[in-house]
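Spelled out from the first residue to the last, the chains are:
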Amino acid sequence: MNKRILIAAAALMASAAPAFAHLNPQEHGSFAAGFSHPLFGLDHILVMVAVGLWAAQIGGRALWAVPTAFVAMMAVGFALATAGIDLPFVEPAILASVVALGLLVAMAVRLDAAASAAVVGLFALFHGHAHGGELGSAGALPFAVGFMIATAALHTAGIGLGVTLGRLSGGGTLARVLGGITALAGTALIFG
């Protein structure tokens, strides 16, 4: 019996491919690399879902304006990086975005759609620049399309979660708790 378990375990390990959080864009500057990038970084997931949660808390035009502004400004940041234009404090701004967006959700801050879009757009500029800076010039367009679609999908998940929580008794409080957890996770990323 033990021999069979060992053989089965060895077969499973031999057939398993390693999991890579980020494909090397120099080798894989592709749609798949771009799409996978936001899905495997905790900072990416936290920010993108928080953007959706915050848009759902605000409601109205913010449901589409806030995530759209994020994706659009992320594309601008990406273009700046691939054009060789540097931005200061890219990584600190990305980490600050996790904390700030978590706090905006935790405090249920309600700005109008344009102001909310401007806030997320500023942070998105740095996220996009980081993507472009990691890529270099290898497969820029397919990579960008991939990460923009994955980002929009994470925003949509956040909106769906926020809308669902908004319909539940006590859901608003739960959304705020999730915002607080996001801010704490961002703080841990800063000091971790």
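Note: the structure precedes this text.
The rules we used
- Residues numbered from 1 in each chain as written.
- Predicted model: local features only at pLDDT ≥ 70, side-chain atom pairs only at ≥ 80, totals over all residues.
- Heavy atoms only, no water.
- Helix = DSSP H or I, 4+ residues; strand = E, 2+ residues; numbered from the N terminus.
- Buried < 20%, exposed > 50% of the residue type's maximum accessible area, 1.4 Å probe, protein only.
- Contact = heavy atoms within 4.5 Å.
- Axes fitted to C-alpha atoms, helices over the stretch in contact; angles between N-to-C directions.
- Parallel < 35°, antiparallel > 145°, perpendicular 65-115°, else oblique.
- Left-handed = near helix turned anticlockwise from the far one by under 90°.
- Nonpolar A, V, L, I, M, F, W, Y, C, P; charged D, E, K, R; others polar.
- Patch = residues over 30% accessible without salt bridge, like charges linked within 9 Å, V, L, I, M, F, W, Y side chains within 5 Å.
- Areas by Shrake-Rupley, 256 points an atom, 1.4 Å probe, with all protein chains shown as cover.
- Salt bridge = Lys/Arg side-chain N within 4 Å of Asp/Glu carboxyl O.

**Student:** Please explain the overall build of the protein as it appears in this structure.
**Tutor:** Along the protein, the regular secondary structure elements total nine helices and zero strands. Each helix and strand of the protein, ordered N terminal to C terminal, gives the series α-α-α-α-α-α-α-α-α. Relative to its 192 residues, the protein shows a buried fraction of 41%. Intrachain contacts of the protein at a sequence separation of at least 6 include 84% that bridge at least 24 residues.

**Student:** Can you help me understand the packing of helix α6 (residues 90–106) against helix α9 (residues 171–191) in this one?
**Tutor:** Relative to each other, α6 and α9 sit at 160°, their axes nearing to 7 Å. Compared by their axis directions, α6 and α9 come out roughly antiparallel. α6 and α9 meet at a crossing whose hand is left-handed. Across the interface between the two elements, L95, V98, V99, G102, L103, V105 and A106 of α6 pack against A175, R176, G179, G180, T182, A183, G186, T187, L189 and I190 of α9. Of the residues assigned to the contact of α6 with α9, the class counts are ten nonpolar, six polar and one charged.

**Student:** Honestly, a nonpolar patch on the surface in this entry has me stumped. Any pointers?
**Tutor:** A grouping of F31, L141, V145 and I149 is seen on the molecular surface, where their side chains present a nonpolar patch of about 360 Å² in accessible area. For the nonpolar patch, the leading source of residues is helix α8 (residues 140–167), giving three residues.

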